[in-house]
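Results of the structural survey
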Amino acid sequence: MNTIFFSLIQALVLFAVAPLLSGITRVTRARMHNRRGPGVMQEYRDLFKLLGRQSVAPAASGWVFRLMPFVMVGVMLTIATALPVVTLYSPLPSLGDLITLIYLFAIARFFFAIAGLDTGSPFTGIGASREAMLGVLVEPILILGLWVAAQVAGSTHISNIASTIYHWPTAQSLTLILALAACAFATFIEMGKLPFDLAEAEQELQEGPLTEYSGAGFAVLKWGISLKQLVVLQMFVGVFLPWGQMSEFSWGGLVIALVLAAVKLVLGVLIIALFENSMARLRMLEASTVTWAGFGFAFLAFVSLLAA
């Protein structure tokens, strides 16, 4: 019961702070562009304003379109309950297997793409096809990188992988570094950052599936996307940068782990913002070339594993 309670509290905390990290990203981008920009709390103000407005759906849309924002939030909350944040181990071990987590991410992507097709709009259909294409390109990188790390750990459970990396097997250093690089690349793409997406541009192809949403439904969807970005980043940080997380529970250790977890997430957001604002947006067809080049890190990690 305590494990379930802790995992639920963790998921709700991540849900609550997800817009804050999006706000930090917006402020960082504005500062790098020599603009004042909005405050870090602007994301919350936007969301609460949208929650008070009526949702309008296209006449051709069906139940998939209306359900998708809640599926996005529900799936990401489910994943959030299983991630190691302040401990080395998953708070909900039954959901902590990598195969389960990857399938959950796939469910969210599937509904996101299908909702774009469900509107009957050609524009949202193009955006949905781009989302599906990026999924096909990025998921092999993430799966292979995590699978290599799982082979080093001898288990596909996220807790065992984090524990193995925490103690860092020196003989497998090259393999783990390459797997880390591959998963970092995949995390960057999954968070929807430049050059693979144009942030906060709902008129762009990547955000095409969002175009027909409005009001409270749009608020739920924006919150779900912010939560997805945080969950993807935390999965990478919790697995590949587990130092500072508790191996045994103590109240003093909990405070330190919470502070370090916040520091790692904020630093991650700042580093991603630095890369994002140092590159131009890619054309749709060029994105596949760059993405498959990133697949080389995962493939080299696999080769290194075989050689070892």
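Reading guide: rules and limits
Residues numbered from 1 in each chain as written. Predicted model: local features only at pLDDT ≥ 70, side-chain atom pairs only at ≥ 80, totals over all residues. Heavy atoms only, no water. UniProt positions renumbered as here; feature names shortened; annotations may be inferred. Helix = DSSP H or I, 4+ residues; strand = E, 2+ residues; numbered from the N terminus. Contact = heavy atoms within 4.5 Å. 1 Å grid on protein atoms, 1.4 Å probe; cavity = no way out; pocket = protein on both sides within 12 Å on 5 of 7 lines; lining within 4 Å. Points joined across faces, edges and corners; volume = space filled by probe spheres on them. Nonpolar A, V, L, I, M, F, W, Y, C, P; charged D, E, K, R; others polar. Salt bridge = Lys/Arg side-chain N within 4 Å of Asp/Glu carboxyl O. Buried < 20%, exposed > 50% of the residue type's maximum accessible area, 1.4 Å probe, protein only. Expected span 1.5 Å × (residues − 1). Bend = angle between axes of the 7 residues up to and from the residue. Axes fitted to C-alpha atoms, helices over the stretch in contact; angles between N-to-C directions.

An unreviewed UniProt entry lists the protein under the name Formate hydrogenlyase subunit 4, from Buttiauxella noackiae ATCC 51607. The protein has a UniProt comment under Subcellular location (unreviewed entry) that states "Membrane".

Next up on the list: the side chain of Q234. Among the structural elements, Q234 can be located in helix α8 (residues 215-240). Residues within four places of Q234 in sequence aside, it is in contact with L83, P84, V85 and L265.

Throughout the structure, instances matching the rule amount to two cavities of 30 Å³ or more. Considering only enclosed or pocket space, the largest cavity measures out at about 90 Å³ in volume. Around the largest cavity sit 13 residues that line it, and L21, T25, M191, Q229 and V269 are the ones nearest its centre. Secondary-structure elements contributing two or more residues to the lining of the largest cavity are α1 (2-32), α8 and α9 (251-276). The residue inventory of the lining of the largest cavity, partitioned by class, reads eight nonpolar, four polar and one charged. A volume near 80 Å³ is recorded for the second largest cavity. In terms of lining, the second largest cavity is formed by I102, F105, R109, E139, L142, I143, E190 and K228. Secondary structure elements with two or more residues in the lining of the second largest cavity: α4 (98-118) and α5 (122-153). For the lining of the second largest cavity, a count of residues per class yields four nonpolar, no polar and four charged.

The next thing to look at is the UniProt feature "transmembrane region" (unreviewed entry) in the protein. Under the UniProt annotation, the feature "transmembrane region" (unreviewed entry) is placed at residues 6-27, 63-86, 98-120, 132-150, 170-189, 249-275 and 287-307. The span residues 63-86 is 75% helix and 0% strand, and its two end C-alpha atoms sit 38 Å from each other. For residues 132-150, the helix share is 100%, the strand share is 0%, and the end-to-end C-alpha distance is 26 Å.

Across all of its chains, the model carries six salt bridges by this definition. With its nearest N and O atoms 3.2 Å apart, the salt bridge here joins E139 to R109. Of this pair, E139 sits in helix α5 while R109 sits in helix α4, and the two are 30 residues apart along the sequence. Residue E139 is classed as partly exposed on the basis of its relative accessible area of 22%. With relative accessibility at 10%, the residue R109 sits in the buried group. A salt bridge links K228 to E190; its shortest N-O distance comes to 3.6 Å. Taken as a pair, K228 in helix α8 and E190 in helix α7 (residues 173-190) lie far apart in primary sequence, 38 residues in all. Through salt bridges with shared partners, one network takes in R26, E43, D46 and K222.

Here we take up α5. The end-to-end C-alpha separation of α5 is 46 Å, in line with the 46 Å expected for 32 residues at 1.5 Å each. The sharpest bend along α5 reaches about 30 degrees and sits at V138, with the proline P140 one to four residues further on. Just past α5, the residue G154 takes up positive phi, approximately 80 degrees.

What follows deals with the environment of F65. Positionally, F65 belongs in helix α3 (residues 63-80). The exposure class assigned to F65 is buried, which follows from its relative accessible area of 3%. When the C-alpha positions of F65 and F236 are compared, they lie 30 Å apart, and in sequence the two are 171 residues distant. Not counting the four nearest positions on each side in its chain, F65 is found in contact with A57, P58, A115, D118, T119, E212 and Y213.

Turning our attention to the packing of helix α2 (residues 42-51) against α8. Interhelical geometry of α2 versus α8 gives an angle of 145 degrees and a closest axis separation of 7 Å. Two secondary-structure elements touch here, α2 through E43, L47, F48, L50 and L51 and α8 through G215, A216, F218, A219, V220, K222, W223 and S226. Within the contact of α2 with α8, the residues separate by chemical class into nine nonpolar, two polar and two charged.

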